[in-house]
Amino acid sequence: MKKFHGIGASAGIAMGRLVWYRKAETAVKKQPAGDSQEELSRFQAAQTQAGSALDALYLQSMKRIGEKDSMIFQIHKMMLEDEDFTDAVAAKIQQEHVSAEYAVWQTGQEFAQRFASMDSEYMRGRKTDVLDIAQRLVRCLSPKAPAATFCLTEPSVLIANDLTPSETVQLDKSNVLAIVTLNGSKTSHSAILARTMGIPAVMGLKGTAGELPDTAFVVVDGTSGELILEPDAQTRGLYEKKQAAYVQHKQLLQRLLNSKIITADDRIMEVNANIGHPADADSALENGADGIGLFRSEFLFMERDTLPDEETQFEAYRQVLQKMGSKPVIVRTFDIGADKQVPYLNLPKEENPALGCRAIRICLDRRELFKTQLRALLRASAFGSLKIMFPMIISSEELNTAKGILEEAKAELSAESVAFSPDLKVGIMVETPSAAIMSDELAKHCDFFSVGTNDLTQYTLAADRMNSKLAGVYNQRSPAVLRLIHMAAENAHKAGIPIGICGESAADRTLTDFYLKIGIDELSVAPSSVLELKEALQQSIDVCKGKDSTKNVTVS
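Since this is a predicted model, take the numbers as computed values, not measurements.

Reading guide: rules and limits
Residues numbered from 1 in each chain as written. Predicted model: local features only at pLDDT ≥ 70, side-chain atom pairs only at ≥ 80, totals over all residues. Heavy atoms only, no water. Helix = DSSP H or I, 4+ residues; strand = E, 2+ residues; numbered from the N terminus. Rg over C-alpha atoms; globule rule 2.2 N^0.38 Å. Buried < 20%, exposed > 50% of the residue type's maximum accessible area, 1.4 Å probe, protein only. Contact = heavy atoms within 4.5 Å. Areas by Shrake-Rupley, 256 points an atom, 1.4 Å probe, with all protein chains shown as cover. Lys, Arg positive; Asp, Glu negative; His and termini not counted. Charge placed at Lys NZ, Arg CZ, Asp CG, Glu CD. Pairing = 2+ DSSP bridges. Axes fitted to C-alpha atoms, helices over the stretch in contact; angles between N-to-C directions. Domains from an automatic or database assignment. Salt bridge = Lys/Arg side-chain N within 4 Å of Asp/Glu carboxyl O. Nonpolar A, V, L, I, M, F, W, Y, C, P; charged D, E, K, R; others polar. Phe/Tyr/Trp six-rings, centres within 6.5 Å; stacked < 30°, edge-to-face > 60°. Lys NZ or Arg CZ within 6 Å of the ring centre and 35° of its normal. Parallel < 35°, antiparallel > 145°, perpendicular 65-115°, else oblique. Core = buried A, V, L, I, M, F, W, Y, C linked by side-chain atoms within 4.5 Å. Expected span 1.5 Å × (residues − 1). Polar contact = N/O pair within 3.5 Å; in protein donor to acceptor, adjacent residues only side chain to side chain.

Draft legend 1. Seen up close, the overall build of the protein. Helices and strands together make up the secondary structure of the protein, namely 21 helices and 17 strands. Taking 556 residues into account, the globule formula puts the C-alpha radius of gyration at 24 Å, and the protein, at 25 Å, falls close to it. For the protein, the residues scored as buried account for 54% of the 556 residues in total. A separation threshold of at least 6 residues defines the contact pool for the protein, and within that pool the share at least 24 residues apart is 70%. Counting every atom, the protein has about 24000 Å² of accessible surface; 50% of that belongs to carbon and sulfur. In the protein, which carries 62 positive and 73 negative side-chain charges, the distance between the mean positions of the two groups comes to 4 Å.

Structure follows, in structure tokens:
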């Protein structure tokens, strides 16, 4: 028996046989290039091909792990197109007269080393992202390059020198008991994906772990960061008990499936799920969501090559509403633009797309496109408890214009004798400082608020959330951001309308007490986070009431 120590990157305990994920040698030899312009053209074509592959991977992973963690591949695309990276590759091709493959590989190594030498753990974790991008480009340039080899025919512990995000997200979860890497950190994107996928993981394993043999039996503790090679009977028994306790805790969370969270002042706080695809509604129900707090409808547009017609959209919305029954479903009208591009819409390229024509601005500019979606939503409203939410609203004028188009769609359907819900609620995303500051006025014209903390943070702090260099600036716990949320909550309650949080910070346990204190009515998170958030809320409430949270669950 031998113990190895690393970084606990994803909680859980696993036991099984090791299988090595052995990557082919990817170093590219320096080769002279005859025509530098031809090599530049090859590099640019590879960038385009790699970008398309990342778009496809983004949409594929959306269905498996949700939008939040799939954004990793949008970040990869931005890094792929980064001006500094592109210029560095071009300079090597033109000045050193080398092949595009070598220029890409060498630039990737240099950028990776820059990240690896940084003080911030988060920034050091970006080393793997750069190498992933460089490898992807080299494969596009040399399609016959050898690929990594491994075969999981049964549930096993996967071990590798390192795993890139694209490799991690494409693993067959049913055959991966745990992930172990010799490099990497808790903040690497592969570690984040492992947590989302519910796979125990240990990163940065130290010692002579590189000599661990295939098929060896190991215990992996993703919480403590330990790997135990060929444990003796006593140790194995100890970890079997730990594993059973971990599973028991997961099972205890199931008691919250049908629970309602009652706050200390006797309010019901809903815990809803964010989804991006109709199939995600099943996961929301399996994880005990009280409803759908955010259905990102733009993914109906992004996962196809042509515009979805009214019937296609209607069927998608109807499917979700029927699955959810009487539970509320909030559909955000399409938030296209910025990081969510739809090529067939032929949107003009913008210098700063996050501040450009996106979301409600496109809707109001292309009204027939918007009205088609609204007609589909209205028709679907007859099949469940639908609420419509407009994104990126900054003024009551914008809101009332959007509501006017909704009224036009209602009039058209009424004239056609098509049924829809007469009690449809209409709300807005509070995701700009303008909306938060003007929330007293906006509350007079809508039925609910939902705070999009991701965009609210980046606009408040002037920090692009997709820019890894600003990771230390982009902070959803910033007092400035929290003050805006508090302001919006006060104004919502003065107007008698509910307010929810549907951004990433809804699942942040360090903000649970803050949201309870300011009277947030609903939190919406990834389906996999619903039960743990309910547990955290119940524990906070019970501390306030002086009760034992293990015995105090209100079920209805």
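There's plenty left to go through after this.
Draft legend 2. Up close: the sheet that holds strand 6 (residues 201-203). Spatially, eight strands are ordered 1-8-7-3-4-5-6-2 in an open sheet, and the strand pairing comes out mixed. Looking along the sheet, the strands with just one partner apiece sit at the ends: strand 1 (2-5) and strand 2 (7-10). Neighbour to neighbour, the strand axes of the sheet diverge by 30 degrees on average, direction disregarded. Its contacts with the sheet put helix 8 (residues 189-197) on strand 2, strand 5 (176-181) and strand 6, and the angle it makes with strand 2 is roughly 50 degrees. Helix 9 (residues 233-253) rests against strand 3 (13-20), strand 7 (217-221) and strand 8 (226-229) of the sheet, and its axis sits at about 115 degrees to strand 3.

Draft legend 3. Just unusual backbone geometry, in detail. A positive phi angle is found at His97, which is not glycine, with a value near 55 degrees. Tracing the sequence through the fold places His97 in the loop between helix 3 (83-96) and helix 4 (100-116). Judged by its relative accessible area of 43%, His97 falls in the partly exposed class. Look at Glu230: it is not a glycine, yet its phi comes out positive at around 45 degrees. The residue Glu230 is located in the loop between strand 8 and helix 9 in this model.

Draft legend 4. Main features of the domain arrangement of the protein. Per the domain assignment, the segments of the protein are domain 1 (28-141), domain 2 (156-253) and domain 3 (266-548). A separation of 28 Å is found between the C-alpha centroids of domain 1 and domain 2. Across the contact, 19 residues belong to domain 1 and 18 residues belong to domain 2. For the pair domain 1 and domain 2, the interface holds zero salt bridges. Residue classes in the side of domain 1 that touches domain 2 are distributed as six nonpolar, six polar and seven charged.

Draft legend 5. Geometry of the packing of aromatic side chains. As enumerated under the stated definition, the model contains six aromatic pairs in all. Arranged with centres 6.1 Å apart and planes meeting at 80 degrees, the rings of Phe295 and Tyr317 form a pair that is edge-to-face. Taken as a pair, Phe295 in strand 11 (residues 292-296) and Tyr317 in helix 12 (residues 310-324) lie far apart in primary sequence, 22 residues in all. The side chain of Arg379 reaches across the aromatic face of Phe314, ending 4.1 Å from its centre. Geometry around Phe448 places Lys387 over its ring, the cationic atom sitting 5.6 Å from the centre.

Draft legend 6. Structural detail: the pattern of salt bridges. Scanning all chains against the criterion turns up 30 salt bridges. As a salt-bridge pair, Glu110 and Lys92 come within 3.0 Å of each other at their nearest N and O atoms. One end of the pair, Glu110, is in helix 4; the other, Lys92, is in helix 3, with 18 residues separating them in the sequence. Taken together, the shared-partner salt bridges in this structure form one network comprising Glu310, Glu311, Lys371, Arg375, Arg379, Glu408, Glu412 and Glu416.

Draft legend 7. The arrangement of the packing of helix 4 against helix 6 (residues 127-141) in detail. Running from N to C, helix 4 and helix 6 point in directions that differ by 175 degrees, and their axes come no closer than 8 Å. Considered as vectors, helix 4 and helix 6 are oriented roughly antiparallel to each other. Judged by residue contacts, Ala100, Glu101, Val104, Trp105, Gly108, Gln109, Phe111, Ala112, Gln113, Phe115 and Ala116 of helix 4 engage Lys127, Val130, Leu131, Ala134, Gln135, Leu137, Val138 and Leu141 from helix 6. Residues belonging to the contact of helix 4 with helix 6 are distributed by class as follows: 13 nonpolar, four polar and two charged.

Draft legend 8. Region of the structure containing the nonpolar core. The biggest cluster of nonpolar side chains holds 138 residues, and the ones touching the most others in it are Phe390, Phe449, Ile485 and Ile520. Once you skip the residues sitting within four places of it in the chain, Phe449 turns out to touch Ile428, Val430, Ser439, Leu442, Ala443, Ala488, Ala492, Ile497, Pro498, Ile499 and Gly500. Leu18, Val157, Ile159 and Ala216 belong to the second largest nonpolar core, which has 18 residues in total.

Draft legend 9. Region of the structure containing helix 4. Relative to the 24 Å expected for 17 residues at 1.5 Å per residue, helix 4 spans 24 Å between its end C-alpha atoms, a close match to the ideal helical length. Here helix 4 has its buried residues at Ala100, Glu101, Tyr102, Ala103, Val104, Trp105, Thr107, Gly108, Phe111, Ala112 and Phe115.

Draft legend 10. Summary view of helix 1 (residues 36-65). Taking 1.5 Å as the rise per residue, helix 1 with 30 residues should run 44 Å; its terminal C-alpha atoms sit 41 Å apart, in good agreement. Sitting at the amino-terminal end of helix 1 is Asp35, which places a side-chain oxygen 3.0 Å from the backbone nitrogen of Gln37. Residue Gly66 follows helix 1 closely and has a positive phi angle near 85 degrees.

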